[in-house]
Amino acid sequence: MPLKTSSFKKEMFKQDFRNVGWISIVYFIGLMFTLPLQLAMALSDDVIEAANYGMYPKDTGLFSSTFLFEIQMILLFGLPVLMAVFLFRYLHVTSSSDFVHSLPIRRETLFNYRLMSGFVLLLVPILLIGFIMLLFIGFADVVDFYNIADLGNWLLLMIIVSWFVFMAGVFVGTLTGLSAVHGVLTFILLLFPMGIVALVFYHISFYVNGFSGSTVLDQSIPHLSPIADVADFSSIDAGEGFIPVSYSVLGIYVLITVLFYFISRFIYKKRQLESASHPIAVSWLRPVFKFGVTFCFALFAGMYFGETQNTYGWIIFGYFFGGIFGFFLSVMLLRKTWRVFSVPQWKGLAVYGAVAALLIALIPLVFITYENHVPASGEVKGVYLGTSYYQYDEYMTSEENQLIESEDTIETVKVLHEKLLQEGDPLKRDGERIFIAYELENGEETYRSYQADLARLQEELDAISKTKEYKEMNNPILNVDIDQVDRLSIHAPYKGSNIEIVEPDKIAGFLENVKKDIYQLPYQRVNGAAELGSFVEATINGEEPVHFSLELTYLNTQEWLIEEGLQEQVMLQADDVEYVEVYEWQHSRDLPPDLAIEQMKESGKVPLRIENADRINEMLEAPSNQSNGAYLVGFYLDEGRGYVNPVMGVHENDAPEFVIEALGNEK
Amino acid sequence: MIDVCKVHKSFDNDKVLHEVTFHVDKGSIYGLLGSNGAGKTTLMRLVVGILKQQSGKVMVNEEEVFENQDMKQRMVFLPDALYFLPQYTVKHMANYYKDLYHSWNEERYQKLKDVFQLEENKKISQFSKGMQRQVAFWLAMSCMPDVLVLDEPFDGLDAVMRKKVRSLMIQDVAERDMTVLISSHNLREVEDICDHVGILHKGQMLLERDLDDLKADVHKIQVALTGDQEAILNSDLDILYYERRGSVLLMIVKGNDQDISAAIHQYQPVIFDRLPLTLEEIFIYELGGAGYAIENILV
């Protein structure tokens, strides 16, 4: 920074220290409490703690729970903003602004002095704590807590993020003229990129069938906000030298800090000082602010009503409600009075409404080619079919990342895709999710994410589920070499039993039957397992264990289990169930099944009671889940088991005939 | 020294200054007059380079003053609402100024301590309003500025202090040719120190006058004639205003002192007196219609 030593003005620093030195001191005391003090406490009760720290998973490093990571984050994001607010408060009060700017010092120089004060006052407490922690390494045994690499990373992150947040605060400070607004806007700025992208993508997904943006982004969206990015991690099992965000992200923060410096310096030099005490000091930014707030509130309310009601009518209502609310809120803020309901304001709102309505009408048109696009056969190199991007991402980073590559199977997926162009319904939030990823010959990837009623896709899904490749993609156990499996452990959660199989010939017998069964399964069974089944962990020589579920519908396997005399131990069967109660699940749908069934009982509804063993068996075999469905099924186990009675949701097309006949269907 | 040329300034959509032009000579004391909201403070904030005009030029010593560090070194601005750094004592403030102004004169500062008799180590916020204004003068004068800009400087000062401050200022003007720009809504407050005045009304400069010229140029006289009064009223004299009080004629006449005397003596007056004229009267009589507006503006 262009500071000539000859004209160095120490009184400026003195004044800044008198003004905001306390923030530096609070930062120091806060960090003192979270780091050295916590360490001293942990070291002194070594009997209990030391035992814990030898344990797995490890929770070490200076960002661990020992050092109160949450409080560190509050300090890290709170105090630099406070520093910016107080350091630049002189700009927001007319009398101090006039005083300072009448002095013989150029705005740029003044700005640099203030920044230097802020940077130094944030740096000093971090360095002091760093030094204290270094002393601990020298004089105490702290290897269980952190090492020198951890300390280096801690210093790096704290300094860069503190400066970055401070600089963001300074940037906002040059745009606003009110200190209260300054603080709030800084946090909004730090969260804004994440929030707006999420909101916009979420809304596009309401209108565009197959839109994959929101699901893809769900994974990477925290990276758009430093607050979410830094705070969203777990130090559990983080390993040595762990840092919450990568070095490259820290590099990006440094770049943005530099960018903020130049932009805010430019704005400051151009700033009209008479705008002190105006919420938005830069006049061209006021309409941007006004309509930005309106837009965000409209999207937010639209999302709320869309999520709760799942109809376009309510979404549009949300836009109206949120838009009007946001618009007047922003005008009130800009005018600093609540009496803003004048005719010109309504006109402004009407213009905004017209533009927004046009935008909403245009979105589906813009995406029309996107919606109807199915890659041509020649272009496709490989394809993935599953339920979510998350699943796809996991699969691709695992060792078994083989896509479907045979032409026939790709063709069957494309047939399904074509059908989804019609059958997919973005508002069918309780429908099943289908995720398709194409890897194209030119190296590009195409993603689509649909929600649809699987019953209407039966034919296409059956065609896919017959293919070997699809099965192998979704069932890692199919790719396992049986000879490599050392041990199988089968766990039946509702029976509370656990058995292990270690004999090689038995392992082979079991797995061969499982593979045979899986190759025969229909589509639903591949993605929607019955949660009443048992779980198997196959330990493989020198590799990650493979998990899969074991169900009553795996007929070959069940037969084998009976032959081996194991079925009794590992499967929940009709014999174990005294009776089953089935309710039509109409209200309290947002409750988990076990609570919902209690409400049903209290409301005096009469359930369908099943005591016949065959029918109980059918209920056990039906794919069920813990979150939703057309029917609520309570299984009441034989008395004296002492285990929880499972309550499940069953979708209409998964329910046995006799249930549908007895209770009627939902629609 | 100060040259303001066709300056426009608006805050958002409010026009505050419109085509304002005025000039202040080096070593002169210029009084900027105007009612509340006329734009005086805004004009002063432009002159000291706090604000930037939308168009026109604000020059001090033939240099644009906005963001001109060297020029601002030679200027001190005392605003209407005084501001001191929070929790600062006079001593702290003095150090602050000393650091910022190369021309800071410590000797002067020490000397003025005796003049103002204020505690140097007391927090300024604990002083009364009038004392705070004295502190501001104390600090400003110690900076030895070439240009001193004062917005409503005498508010809250008692008569003794007012006199003291005035003499300090005039002394600097006389000794080192300091230029002073003073704003006030009260003509009487500044008439005895200013040599020039300008009247700002609704963002425009209504008029500018040299007070010495003005005082030498306009006279209030009282005459009693034995003969016809009409003759004198119809003469060449530039009579701005007259009033008959019985046989006595009261006139405000513009022109050279000697010429007027000579002209009057032609009519052989029985009584011929000169009466003192206040600045306010001069404005009112000289400007006629516009003068009544001034009467409303300045009181």
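So, how was this worked out
- Residues numbered from 1 in each chain as written.
- Chains lettered and ligands numbered in written order.
- Predicted model: local features only at pLDDT ≥ 70, side-chain atom pairs only at ≥ 80, totals over all residues.
- Heavy atoms only, no water.
- Helix = DSSP H or I, 4+ residues; strand = E, 2+ residues; numbered from the N terminus.
- Buried < 20%, exposed > 50% of the residue type's maximum accessible area, 1.4 Å probe, protein only.
- Contact = heavy atoms within 4.5 Å.
- Areas by Shrake-Rupley, 256 points an atom, 1.4 Å probe, with all protein chains shown as cover.
- Lys, Arg positive; Asp, Glu negative; His and termini not counted.
- Charge placed at Lys NZ, Arg CZ, Asp CG, Glu CD.
- 1 Å grid on protein atoms, 1.4 Å probe; cavity = no way out; pocket = protein on both sides within 12 Å on 5 of 7 lines; lining within 4 Å.
- Points joined across faces, edges and corners; volume = space filled by probe spheres on them.
- Nonpolar A, V, L, I, M, F, W, Y, C, P; charged D, E, K, R; others polar.
- Buried area = accessible area lost by both parts, 1.4 Å probe.
- Salt bridge = Lys/Arg side-chain N within 4 Å of Asp/Glu carboxyl O.
- Polar contact = N/O pair within 3.5 Å; in protein donor to acceptor, adjacent residues only side chain to side chain.
- Pairing = 2+ DSSP bridges.
- UniProt positions renumbered as here; feature names shortened; annotations may be inferred.
- Domains from an automatic or database assignment.
- Phe/Tyr/Trp six-rings, centres within 6.5 Å; stacked < 30°, edge-to-face > 60°.
- Axes fitted to C-alpha atoms, helices over the stretch in contact; angles between N-to-C directions.
- Patch = residues over 30% accessible without salt bridge, like charges linked within 9 Å, V, L, I, M, F, W, Y side chains within 5 Å.
- Parallel < 35°, antiparallel > 145°, perpendicular 65-115°, else oblique.
- Left-handed = near helix turned anticlockwise from the far one by under 90°.

If you check an unreviewed UniProt entry, chain B appears there as ABC transporter ATP-binding protein from Halobacillus andaensis.

An unreviewed UniProt entry lists chain A under the name DUF6449 domain-containing protein, with Halobacillus andaensis as the source organism.

(A) Structural view of the overall build of chain A. Along the backbone of chain A there are 25 helices and 11 strands. Along the first, second and third principal axes, the C-alpha atoms of chain A reach 95 × 70 × 60 Å. Sorting the 667 residues of chain A into buried and exposed places 51% on the buried side. Looking at chain A alone, contacts between residues at least 24 apart form 75% of all its contacts between residues at least 6 apart. By element, 61% of the accessible surface of chain A is carried by carbon and sulfur atoms, the whole surface being about 30,900 Å². Within chain A, the 81 negative side-chain charges are centred at a point lying 20 Å from the centre of the 44 positive side-chain charges.

(B) Focus on the layout of surface pockets. Considering only enclosed or pocket space, the largest pocket measures out at about 1,500 Å³ in volume. Lining the largest pocket are 48 residues; nearest its centre among them are A:L185, A:I280, A:L285, A:F289 and A:V293. Going through the elements one at a time, α6 (148–175), α7 (179–207), α10 (247–270), α11 (285–309) and α12 (312–335) of chain A together with β1 (2–11) of chain B are the ones with two or more residues in the lining of the largest pocket. Broken down by element, the lining of the largest pocket gets its largest block of residues, 11 residues, from α7(A). Looking at the lining of the largest pocket residue by residue, the class counts come to 30 nonpolar, 12 polar and 6 charged.

(C) Summary view of the environment of A:F435. Residues and elements named next belong to chain A. Checked against the element boundaries, F435 lands in strand β2 (residues 432–440). The buried category is assigned to F435, whose relative accessible area is 0%. Along the sequence, F435 and M83 sit 352 residues apart, while their C-alpha atoms lie 47 Å from each other. In contact with F435, not counting residues within four places along its chain, are Y384, L385, G386, T387, S388, Y389, Y392, Y447, R448 and S449.

(D) Structural detail: empty space enclosed by the protein. Enumeration over the complete set of coordinates arrives at 2 cavities of 30 Å³ or more. Reported here for the largest cavity is a volume of approximately 110 Å³. If you trace the largest cavity, you find 15 residues lining it, with A:F99, B:F77, B:L78, B:Y83 and B:Y97 closest to the centre. For the lining of the largest cavity, the secondary structure elements donating two or more residues are α4 (94–102) of chain A together with β6 (75–78), α3 (90–100) and α5 (129–142) of chain B. Ranked by residue count, the leading element in the lining of the largest cavity is β6(B), at 3 residues. In terms of residue class, the lining of the largest cavity is made up of 14 nonpolar, 1 polar and no charged.

(E) Examining the interface of chain B and chain A more closely. With 27 residues of chain B at the contact, the number on the chain A side is 28 residues. Summing both sides of the interface, chain B and chain A together bury roughly 2,700 Å²; the carbon and sulfur share of this comes to 56%. Linking chain B to chain A there are 2 salt bridges. The tally of links from chain B across to chain A stands at 10 residue pairs in polar contact (both at pLDDT 80 or more). Top contributing element to the side of chain B that touches chain A by residue count: α3(B), with 7 residues. When grouped by side-chain class, the residues that make up the side of chain B that touches chain A number 14 nonpolar, 6 polar and 7 charged.

(F) Examining the environment of A:H417 more closely. All names here are of chain A. Among the structural elements, H417 can be located in helix α16 (residues 407–423). You can call H417 buried: its relative accessible area is 0%. Sequence separation of H417 and V249 is 168 residues, and the distance between their C-alpha atoms is 37 Å. Looking at H417, its side chain comes within polar contact range of the side chain of Y450, at 2.9 Å.

(G) Main features of the pairing of strand β3 (residues 445–452) of chain A. Residue and element names in this part refer to chain A. Of all 8 residues in β3, 7 are buried; the element is thus mostly enclosed. Looking at chain direction, β2 and β3 are connected through 8 bridges and run antiparallel. Residue pairing for β3: I436 is matched across the bridge by R448. As consecutive antiparallel partners, β2 and β3 are separated by 4 residues, and within that stretch G443 has a phi angle of approximately 90°, a positive value.

(H) Representation of the UniProt feature "coiled-coil region" (unreviewed entry) in chain A in the model. With numbering aligned to this structure, UniProt lists the feature "coiled-coil region" (unreviewed entry) at residues 440–474 of chain A. Secondary structure content for residues 440–474 of chain A is 43% helix and 26% strand, and the end C-alpha separation is 21 Å.

(I) Fine view of the domain arrangement of chain B. Residues and elements named next belong to chain B. Domain assignment breaks chain B into domain 1 (2–202) and domain 2 (218–289). Computed over C-alpha atoms, the centres of domain 1 and domain 2 are 40 Å apart. With 5 residues of domain 1 at the interface, the matching set in domain 2 holds 4 residues. Connecting domain 1 to domain 2 are 0 salt bridges. The tally of links between domain 1 and domain 2 comes to 0 residue pairs in polar contact (both at pLDDT 80 or more). When contributions to the side of domain 1 that touches domain 2 are tallied by element, the ones reaching two or more residues are α7 (187–190) and β9 (196–201). Across the side of domain 1 that touches domain 2, the residue classes break down as 3 nonpolar, no polar and 2 charged.

(J) Layout of the UniProt feature "domain: ABC transporter" (unreviewed entry) in chain B. Annotation from UniProt places "domain: ABC transporter" (unreviewed entry) at residues 2–227 of chain B. A helix fraction of 35% and a strand fraction of 31% characterise residues 2–227 of chain B, whose end C-alpha atoms lie 53 Å from each other.

(K) Local environment of the packing of aromatic side chains. Counted under the stated rule, the structure contains 51 aromatic pairs over all chains. Seen from their ring centres, A:Y304 and A:F305 are 5.1 Å apart, and the 80° between their planes marks the pair as edge-to-face. By relative accessible area, which is 15% here, A:F305 ends up buried. With a centroid separation of 6.3 Å and 25° between ring planes, the pair formed by B:F116 and B:W138 is classed as stacked. In this pair, B:F116 is assigned in helix α4 (residues 106–116) and B:W138 in helix α5, connecting sequence segments 22 residues apart.

(L) Broad picture of the sheet that holds strand β10 (residues 631–637) of chain A. Residue and element names in this part refer to chain A. The antiparallel open sheet is built from 4 strands, whose spatial order is β9-β8-β10-β11. With one partner strand each, in any of the chains shown, β9 (608–610) and β11 (647–650) form the two edges of the open sheet. Taking the axes of each pair of neighbouring strands and ignoring which way they run, one obtains an average angle of 25° across the sheet. Both strand β8 (residues 577–584) and β9 contribute to a ladder of 3 bridges, which runs antiparallel. Bridging from a neighbouring strand, E581 pairs with R609 of β9. Helix-sheet contacts for helix α24 (residues 613–621) involve β8, β9 and β10, and the interaxial angle to β8 is about 60°.

(M) Looking closely at the domain arrangement of chain A. Residue and element names in this part refer to chain A. Once the domains are mapped, chain A shows domain 1 (2–204 + 212–275), domain 2 (285–358), domain 3 (371–474), domain 4 (476–570) and domain 5 (574–663). Taken together, the 10 residues of domain 1 in the interface contact 12 residues of domain 2. Summed over both sides, the interface of domain 1 with domain 2 buries roughly 850 Å², with 80% coming from carbon and sulfur. Contact with domain 2 buries area across many residues of domain 1, yet L199, Y202 and H203 alone supply 56% of it, more than any other trio. The tally of links between domain 1 and domain 2 comes to 0 salt bridges. Ranked by residues supplied to the side of domain 1 that touches domain 2, first place goes to α7 with 8 residues. Of the residues contributing to the side of domain 1 that touches domain 2, the split by class is 9 nonpolar, 1 polar and no charged.

(N) How the structure looks around a negative patch on the surface. All names here are of chain A. Taken together, E407, D408, E411 and E418 make up a surface patch of like negative charges. Topologically, E411 is positioned in helix α16. Since its relative accessible area comes to 36%, E411 is described here as partly exposed.

(O) Spotlight on the packing of α4(B) against α5(B). Residues and elements named next belong to chain B. Across the interface, α4 lies against α5 with an axial gap of 9 Å and an inter-helix angle of 155°. One finds that α4 runs roughly antiparallel with respect to α5. Helix-helix and strand crossings are classified by hand; for α4 and α5 the assignment is right-handed. Across from R108, Y109, L112, K113 and F116 in α4, the residues of α5 making contact are Q134, F137, W138, L139, M141 and S142. A class-by-class count of the residues in the contact of α4 with α5 yields 7 nonpolar, 2 polar and 2 charged.

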